[in-house]
There are 2 protein chains.
Amino acid sequence: MGLSTFFDRYLPLIEADLQAVLTPPAGSPPLFYRMLHYHMGWVGPDGEPSKANGGKRIRPVLCLLTCAASGGPLDAARPPAAAIELIHNFSLLHDDIQDRSPLRRNRPTAWSIWGEVQAINAGDSLFTLAHLAIPRLAEGRLDGETQARMLTITDETCLALTCGQHLDISFEDRADVTVDEYLEMIGGKTAALLSAAARLGALAAGADESVQAHYAAFGHCLGMAFQVLDDILDIWGDPALTGKEAAIDIRQRKKSLPVLYGLERSPELRDLYATSAPFDEAQVEQAVSLLDAVGARDYAESLARRYSDETLKHLDAAQPQGDAGQALYALVDRLLHRDR
Amino acid sequence: MGLSTFFDRYLPLIEADLQAVLTPPAGSPPLFYRMLHYHMGWVGPDGEPSKANGGKRIRPVLCLLTCAASGGPLDAARPPAAAIELIHNFSLLHDDIQDRSPLRRNRPTAWSIWGEVQAINAGDSLFTLAHLAIPRLAEGRLDGETQARMLTITDETCLALTCGQHLDISFEDRADVTVDEYLEMIGGKTAALLSAAARLGALAAGADESVQAHYAAFGHCLGMAFQVLDDILDIWGDPALTGKEAAIDIRQRKKSLPVLYGLERSPELRDLYATSAPFDEAQVEQAVSLLDAVGARDYAESLARRYSDETLKHLDAAQPQGDAGQALYALVDRLLHRDR
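Reading the values: rules and limits
- Here the residue index of a chain counts from 1 through its sequence in written order.
- Just so you know, chain letters begin at A and ligand numbers begin at 1, following the order they were written in.
- The model is predicted, so local features are restricted to residues of pLDDT at least 70 and side-chain atom pairs to those at 80 or more, both for listing and for counting; the totals for chains, interfaces and linings are taken over all residues.
- Note that the side-chain values use all heavy atoms of the structure and ignore hydrogens as well as water.
- Any two of the Phe, Tyr and Trp rings considered here, Trp counted by its six-membered ring, make a pair once their centres fall within 6.5 Å; the pair's planes then place it as stacked at under 30 degrees, edge-to-face at over 60, or tilted in between.
- Labels follow the DSSP assignment, with helices taken as runs of H or I lasting at least four residues and strands as runs of E lasting at least two, numbered in each case from the N terminus.
- For every residue, the accessible area obtained with a 1.4 Å probe (protein chains only) is divided by the maximum for its type, and the residue is called buried under 20%, exposed over 50%, and partly exposed between those limits.
- Two limits define a charge over a ring: the Lys NZ or Arg CZ must be within 6 Å of the ring centre, and within 35 degrees of the ring normal.
- Any two residues having at least one pair of non-hydrogen atoms within 4.5 Å are treated as being in contact.
- Each of two parts loses accessible area, computed with a 1.4 Å probe, when they are put together; buried area is these two losses added.
- Any Lys or Arg side-chain nitrogen found within 4 Å of a carboxyl oxygen on Asp or Glu counts as a salt bridge.
- Pairs of N or O atoms are called polar contacts if they sit within 3.5 Å, as long as, within protein, a hydrogen donor faces a hydrogen acceptor (for residues adjacent in sequence, only side-chain-to-side-chain pairs).

A. Molecular detail of the packing of aromatic side chains. For the coordinates displayed, the defined rule picks out 15 aromatic pairs over all chains. Centroid distance Phe6(A) to Tyr10(A): 5.6 Å. Interplanar angle 55 degrees. Geometry classified as tilted. You can see Phe6(A) and its partner Tyr10(A) sitting in helix H1 (residues 3-21), four residues apart, about one turn around the helix. Residue Phe6(A) shares its accessibility class with Tyr10(A), and that shared class is buried. Judged by centre distance (4.2 Å) and plane angle (15 degrees), the rings of Tyr261(A) and Tyr299(A) are stacked. One end of the pair, Tyr261(A), is in helix H12 (residues 257-265); the other, Tyr299(A), is in helix H15 (residues 296-318), with 38 residues separating them in the sequence. Under the relative-accessibility criterion, Tyr261(A) is labelled buried at 13%. Taken together, the ring pairs connect Phe90(A), Phe127(A), Phe90(B) and Phe127(B) into an aromatic cluster. Cation over ring: Arg334(A) sits above Phe7(A), and NZ or CZ is 5.3 Å from the ring centre.

Right, here's the structure in full:
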């Protein structure tokens, strides 16, 4: 049974759980829940049913897979899987406000439709409902002790997430960001949720602490490798494959890993980034050449490889079982050996 | 032992717990925690120690009192007391952004110092830490089952809080808000946290469900009465006693309870509110006269009295014990029989 069979089997369960958690009780203000349903991709701005892209649900699938690969009953992992996906979506809702993004998954962002004030509050309510996913879906599946443990892991993860977001925001105004700080930032912003997803699945299965720790490290390294790879593809990927304009990070002067590595080593690149006007096409090309010249691509690729190796090492150590175990290797392959 | 003795005894415990939960781990980005410490009143904007007013800590004191009055060990109520106070402070942080308030407790608001983007994230991190207060302070005091129950009550409360906030924001753009909708709004925005504080103290003490329910209803009615009284004092209070300009709610066209009651009944008041220019002094006086003419003050006062009576009825039914029980009656008296 391959990875896509697991996706086919898990996605309907995940959607049903997410919808159950976000079901409006009788008498709720209609717009309060509609903003959340819109953000999740279930309805349009006026509440009309919609089949919008709500994201790939990688995190909850990962959580269910590590549970199954640890020999656990799937039902025990459904509450934390829903919680993690809702936390992810809460963070996107606030991110969109913070970044002033007009679009998310090809649709207008919630704040651009309902205004920033309501959207901040919608994010807060989604954050709350993410927490409630655990008790609300736990009935008959998880005892109180396990729920408390899952909530603590979820909140320690949210703390890493908001700390990563704090760093990311602060980087915009700083010219002296280091590669180490960048790795700390993506550790919170990208890797923490994947780590929690993998760990919570194993916890739901009742796996040993050491197995949980390997799954946590596996998820962390997977997130780190994925993000570094994303940074590489932005600059050196083939736009025909990625479907995105080349070097958007450079055009937007985003402090991605290769850029920070280059800024630490190339005075010419620092001079280029010290200018304030938007880069023209020649300057974008010059920046890429300077990055190539100091070996930024090689550095980033070797780091991605190191994180990939660590990902597999921890997955091996967790001794994933059965078809679900094989699917975890296939998921790593899909996320880390990509050209788009 | 009077109420102020309880405040003197409890406040240092509460501050110690709040500070323990918000202690930065080694290596954290300094500004990440400093924004929170500033908002709590502990430091100035540059991290210098400060003795700013951090608020009255009514909610955690209430939580500790209902625990003691239910015969429980104080230590068991300290984790939820800290959680509730941090939730309250999280909501103020986001409120200040949403209302564009320049000042909070006579100091610049966090967003006005560090910008809105960082302040949204600071609120998110404070929300997270509010949840972590329970497991972090629970060691040896609360089992997992109880922690999970407390977290569920806290999050159901946060959901009511964000729903109340959603209504409050939506009222600004609406001319047809009803008194019933207003009561639903303050039920979420003001009463829910007081209800949770009172209930969680009783839960910490191991009180019966029925006692917990009476404390929850007591806290709810206390919050409702307090808010209605606040609305009355704004318009009819003596500025020399309240220390505030008279009728600020009318000047700002806030849809407070007496105003909504008046708008439902007085076409002249509706005409006045349909104008867009700021009210001059004569118009403020006219609005107050129109409210008096339709009996808005009498209505609001009778409603406040009804909620006060219900508050005491539920407190009686909870059968609060000892000095702490007497202190609860004194707290009701302080909050509901005031002229400022």
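B. Region of the structure containing the interface of chain A and chain B. At the interface, 43 residues of chain A touch 43 residues of chain B. Buried area between chain A and chain B, summed over both chains or domains, comes out near 3600 Å², and the portion from carbon and sulfur atoms is 65%. Summed over the shared surface of chain A and chain B, the result is four salt bridges. A salt bridge links Arg136(A) to Glu156(B), with the shortest nitrogen-to-oxygen separation between them at 3.2 Å. Summed over the shared surface of chain A and chain B, the result is twelve residue pairs in polar contact (both at pLDDT 80 or more).

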